[in-house]
Amino acid sequence: MFSRTVFSRVARQTAFSAIRPAATPIKPSPFLLSVAAQRRLLSDAVRQAIDKAVASAPVVLFMKGTPETPQCGFSRASIQVLGLQGVDPEKFAAYNVLEDQELRQGIKEYSDWPTIPQLYIDKEFVGGCDIIVSMHQNGELAKILEEKGVLVKEKESAEGEKKE
């Protein structure tokens, strides 16, 4: 039985080698090539600019539009969540990716995340709109924002209401 199995394998390999060319080169997927090319497109200058933007405030949102006039529903939802959470405006920065095409493409590669908006807290990528909303709903976002000390303090907000 064993010799028969060995013979069968040898016979099959010989038969198939006549059908299949001996050296069929394996070509990488065009998608993988385009991803590799995109990685190389993020210049050092763009990477440094994004590093500086991410470090500009404890809470940074890359979005379409501005906090006052969001240009997409996902950016609007993200701003609304951050407002509901009580993020201190002095500890928050937003960058409009529609104003700069290099930023718009570069931030996607920088974070390895394909969509905008993108939220960073304390220089760490958190996620996009779906993740922000999910974390808001389950309480994780409030916990992180409180731990990082980026919320408007109760005392300050109460004084602001009394002065008005």
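See the structure printed just above.
As the structure is a computational prediction, the values presented were derived from the model and not from experiment.

Engineer: Is there a simple way to think about the pattern of salt bridges in this case?
Structural biologist: Between side chains of opposite charge, a pair can form as their charged atoms come close. Counted under the stated rule, the structure contains one salt bridge. In this structure, the salt-bridge partner of D122 is K148, at a minimum N-O distance of 3.4 Å. Note that D122 is positioned in the loop between β3 (118–121) and β4 (124–127) and K148 in helix α7 (residues 140–148), a separation of 26 residues in sequence. Given the relative accessible area of 44%, D122 is considered partly exposed. Judged by its relative accessible area of 40%, K148 is partly exposed.

Engineer: It is not clear to me how the packing of helix α6 (residues 129–138) against α7 should be interpreted in this structure. Could you clarify?
Structural biologist: Helix packing for two helices is described by the angle between their axes and how far apart those axes are. Look at α6 against α7: their axes get within 5 Å of each other, and the N-to-C directions meet at 90°. Put simply, α6 runs roughly perpendicular to α7. Counting all contacts with α6, which are made through I132, M135, H136 and N138, the residues of α7 involved are E140, L141 and I144. Residue classes in the contact of α6 with α7 are distributed as four nonpolar, two polar and one charged.

Analysis parameters
- Residues numbered from 1 in each chain as written.
- Predicted model: local features only at pLDDT ≥ 70, side-chain atom pairs only at ≥ 80, totals over all residues.
- Heavy atoms only, no water.
- Salt bridge = Lys/Arg side-chain N within 4 Å of Asp/Glu carboxyl O.
- Helix = DSSP H or I, 4+ residues; strand = E, 2+ residues; numbered from the N terminus.
- Buried < 20%, exposed > 50% of the residue type's maximum accessible area, 1.4 Å probe, protein only.
- Axes fitted to C-alpha atoms, helices over the stretch in contact; angles between N-to-C directions.
- Parallel < 35°, antiparallel > 145°, perpendicular 65-115°, else oblique.
- Contact = heavy atoms within 4.5 Å.
- Nonpolar A, V, L, I, M, F, W, Y, C, P; charged D, E, K, R; others polar.

Any link to function would need more than the numbers given here.
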